[in-house]
Structure formats: structure tokens, C-alpha cells
Protein chains: 2
Amino acid sequence: MNADKIPDIIIGRLPVYLRALQRLSDKGVHTTSSQELGEIVGISAAQIRKDISQFGEFGKQGTGYAIPFLVERLRDILKVNRVWEVVIVGIGDMGHALARYNGFTNRGFNIKMIFDNDPKKIGQKVGDFEIYDTAGMAEKIKQAKVKVAMLTVPATAAQEVADQLVKAGIKAILNYAPISLNVPAGVRVQYIDPVAHLQRMTYYLD
Amino acid sequence: MNADKIPDIIIGRLPVYLRALQRLSDKGVHTTSSQELGEIVGISAAQIRKDISQFGEFGKQGTGYAIPFLVERLRDILKVNRVWEVVIVGIGDMGHALARYNGFTNRGFNIKMIFDNDPKKIGQKVGDFEIYDTAGMAEKIKQAKVKVAMLTVPATAAQEVADQLVKAGIKAILNYAPISLNVPAGVRVQYIDPVAHLQRMTYYLD
């Protein structure tokens, strides 16, 4: 199994399968089928079987998937069988919401530090976190060896902050600013832009 | 041009192109090339040309794309040359952040009403909006003929609220709850789940 060989579009569907399987597991369900999973996630059973088979043989014809086993394998594959520390940069409304979101921990992520450059915010608390000055950010990230960041600064500042994060050793950026970031090879960026998602839907509306 | 014939994956890239083109336009740039656009958005020039050519001939060999024209065409195609009214259901941290986000209006969307079922929140204000009771939601949405909703309720409530929204005539749901929704044909759902995006990146990390 070679990370470079599996299309990223397939990798992007694995967290969706994992989320649905964990939810079934939470409900006490122990086995499922590609049909059932497909109905939950809105992806064809054939596509699910094809995606999952990229990583080995998990299901048996007629008996389906053993949920605990498949959950563990997906967590292995996505490397969330460990806990990744994450920093949040930019504590506006969105940064606040993320800092207080309780859905990270049991899915592989733990907020480690939060940063802002506003003197009025630095030193204040959001939940359990003190807001640190971005001036000392690179050093703190390097020391803590954090690899993952969520970027919730204004669009005008996003590229500059991303550059600082990359220099500090960050390898994965979840970008909430509505601009595309330039990062070197080896650094990954994912985008959360609600308007882009809304526009993808209005295309189909009358 | 038939909406059913163009793969949704292409439709999903158009808002990304539009966002980048509008940003260039804001900077006073009037023309661009698929190469330049590709570098900004991190998609190959060939892919961009192929995607855009699905909708007609927009660029000229050697002279590139006229940005104002392409922006207008993309806004037409995505149907954001009008303003869509949107409701937000669930005014926790995320609902708050969305209600106060100022990036919707100039990209085709206008928050119309916000709802929650918490008696302590109903009647309170978030920005300019009074929080309405979800008990009267369906009626208010029908009267206002709103077609687009952002769903920021807890996972346990999301499917039930989605069912209510569908009955009220909502055709597009941006779902922030970390579960997959079942909706009838003709209703579209997009998902925003930061953890799924993070997991898509940790796959590639060491």
C-alpha cells in the first residue's frame, strides 16, 4: 500500500465512512454492509467496496463488514489511531467556535494552543486556553512539534500567517480564510469555505 | 448545457475558480491565464481549461481569460448572479459565527432568519437577528420561500431538523453536524466537518 498511489479523492471519502461507522458503533451495531453504509453516506455500495478494497480485504460476501475491525483499520489508515495536536491561529468568531468545539478529541485531534495578534485578545482565555501572541508562535510550535494548524485569520493575513506556520514545521493547514494558499510541496491544505459549498448547491436550484 | 450532464466534481471546482477570479479582480487585475489561475488554486492548467470549456468558449489562445467576463459567466452558471436567502438553524458557537460572518453577501447569499429551540435563546439577538423559535420555523420558511439552510444543531437533532426543513421547502442544506443526512431526491446536502478534512490530511503525515 503506497500513499502516493491511492487517489486523494478516495482518501477524502474514508473519513466519511469512518464517521458513519463510528456512529453505528455508538448505537451498538456490530456489522454493516456496503449497501447499508451507502444509504447512510449517500455513496453507491459499489464505490464503497471499491474504495475500501484499495486497502485490503475487509468484508466477506454475504456477511458484510465487522464494524469494530473496519473502524480500527480506517483509523490506522488515516493515522488517527493516535492524537494529533493542533493549533488555532486567529481567534475571531470562527476561532472561538473551533476552540470550544468538543468534537475533535475522540476523532484524533487535540487543540494544543491558540494564537492571535490582537493586543486586546492576547492573554485572555477561551475555554481552557490562554490566547498567545502570534509574535512567539513559530517558536512555540517548533518546541511542541505541532504539525497541524487551523487558520481562522482574515483573508488579507492568511498567506503571511501560512508562511510562518510552514516555517515553524506545520505540515497540514485547515484554512477557513476564503483564499487559496500557496504552500511548498509536502505541506497539505484543506479549505473550509461555506460559500463555496453553498454555490455548489445553488447550481442545481431553480 | 444540461445540469445533469456535468459531473458534480467539476461544479464543485467552479466556486474555487470564481473566488480566485474575484480576488484578482479586487486587486485590479483584468486578465488571467489557466496557468496563473492554476497556480493560485493549486489545480492544473489543463484541468481548469477542461472544466471551464464545459460551459463554452471563454478564453482565447494566447490572450487568456477576460476576468470580468469569466466572473460574470461563473456567477450565471452557479446562479449567484442573484441573492439567495438563507436560514441558520441552531445558534451555538458555530451558528453565532455564521450569523456574524460578513462574507456571504457579496458572494450571493443573505442571512434571512435564525432559529433555535432553546427557550433561553429565543427572542435574544445575534447581530441584527432575533432568534426565532424552531416551533414556528416551517411556517416562516414557507412564507418567505427560503430554499437554502445552514444546519448547526447537535448531531443528535440534525436528521429531525433536516426533515422539518425539507417539508418547509428547503432544497439545499449546508450541514455542520457530523452526521450524514438522509434527504429526498431534489434536495442537496453539503457537509462541513473540520475533522473529516483534518483526517484527509493526516493520512499523508508521518
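A quick note: this is a predicted structure, and the numbers were derived from the prediction, not measured.

Points about the overall build of chain A
- Helix and strand counts for chain A come out as eight helices and ten strands.
- Taken over the C-alpha atoms alone, chain A extends approximately 60 × 45 × 35 Å along its principal axes.
- The 206 residues of chain A split such that 51% are buried.
- Taking the contacts inside chain A whose residues are at least 6 apart along the sequence as the reference set, 56% of them involve residues at least 24 apart.
- Surface summary for chain A: the accessible area is close to 9,700 Å², and the carbon and sulfur share equals 48%.

Description of the interface of chain B and chain A
- In this complex, chain B contributes 65 residues to the contact, which on the side of chain A involves 65 residues.
- The largest contributions to the chain B side of the interface with chain A come from B:Gln199, B:Arg200 and B:Tyr203, which together make up 13% of the buried area.
- In this assembly, chain B and chain A are joined by eight salt bridges.
- Applying the counting criterion to the chain B and chain A interface returns 20 residue pairs in polar contact (both at pLDDT 80 or more).
- Put simply, the parts of the chain that give the side of chain B that touches chain A at least two residues each are helix 1 (8–26), helix 2 (34–41), helix 5 (93–100), strand 8 (148–151), helix 7 (155–167), strand 9 (172–175), strand 10 (188–191) and helix 8 (194–202) of chain B.
- Grouping the constituent residues of the side of chain B that touches chain A by class yields 40 nonpolar, ten polar and 15 charged.

What about the confidence of the model for chain A?
- When the pLDDT values of chain A are averaged, the result is 93; 97% of them are 70 or greater.
- Interface confidence in the predicted complex, given as ipTM, is 0.95; pTM for the same model is 0.89.

Quick word on the side chain of A:Arg19
- By the element assignment, A:Arg19 lies in helix 1 (residues 8–26).
- Reaching out from A:Arg19, the side chain makes a polar contact with the side chain of B:Asp193 at a distance of 2.6 Å.
- In this view, A:Arg19 contacts A:Arg107, B:Pro178, B:Ile179, B:Ser180, B:Tyr191, B:Asp193 and B:Ala196; residues no more than four positions away in its chain are not counted.

Some details on the packing of aromatic side chains
Residue and element names in this part refer to chain A.
- Considering all chains together, one arrives at six aromatic pairs over all chains under this definition.
- Summarising the aromatic geometry, the rings of Phe115 and Tyr132 are spaced 5.9 Å apart at their centres and angled 50° between planes, so their arrangement reads as tilted. A residue pair is termed long-range when its members are at least 10 positions apart, and Phe115 in strand 5 (residues 109–116) and Tyr132 in strand 7 (residues 129–133) qualify at 17 residues.
- Here Phe115 falls in the buried class, since its relative accessible area comes to 0%.
- Owing to a relative accessible area of 27%, Tyr132 belongs among the partly exposed residues under this scheme.

Cut-offs used in this document
- Residues numbered from 1 in each chain as written.
- Chains lettered and ligands numbered in written order.
- Predicted model: local features only at pLDDT ≥ 70, side-chain atom pairs only at ≥ 80, totals over all residues.
- Heavy atoms only, no water.
- Helix = DSSP H or I, 4+ residues; strand = E, 2+ residues; numbered from the N terminus.
- Buried < 20%, exposed > 50% of the residue type's maximum accessible area, 1.4 Å probe, protein only.
- Contact = heavy atoms within 4.5 Å.
- Areas by Shrake-Rupley, 256 points an atom, 1.4 Å probe, with all protein chains shown as cover.
- Buried area = accessible area lost by both parts, 1.4 Å probe.
- Salt bridge = Lys/Arg side-chain N within 4 Å of Asp/Glu carboxyl O.
- Polar contact = N/O pair within 3.5 Å; in protein donor to acceptor, adjacent residues only side chain to side chain.
- Nonpolar A, V, L, I, M, F, W, Y, C, P; charged D, E, K, R; others polar.
- pLDDT = per-residue confidence, 0-100.
- Phe/Tyr/Trp six-rings, centres within 6.5 Å; stacked < 30°, edge-to-face > 60°.

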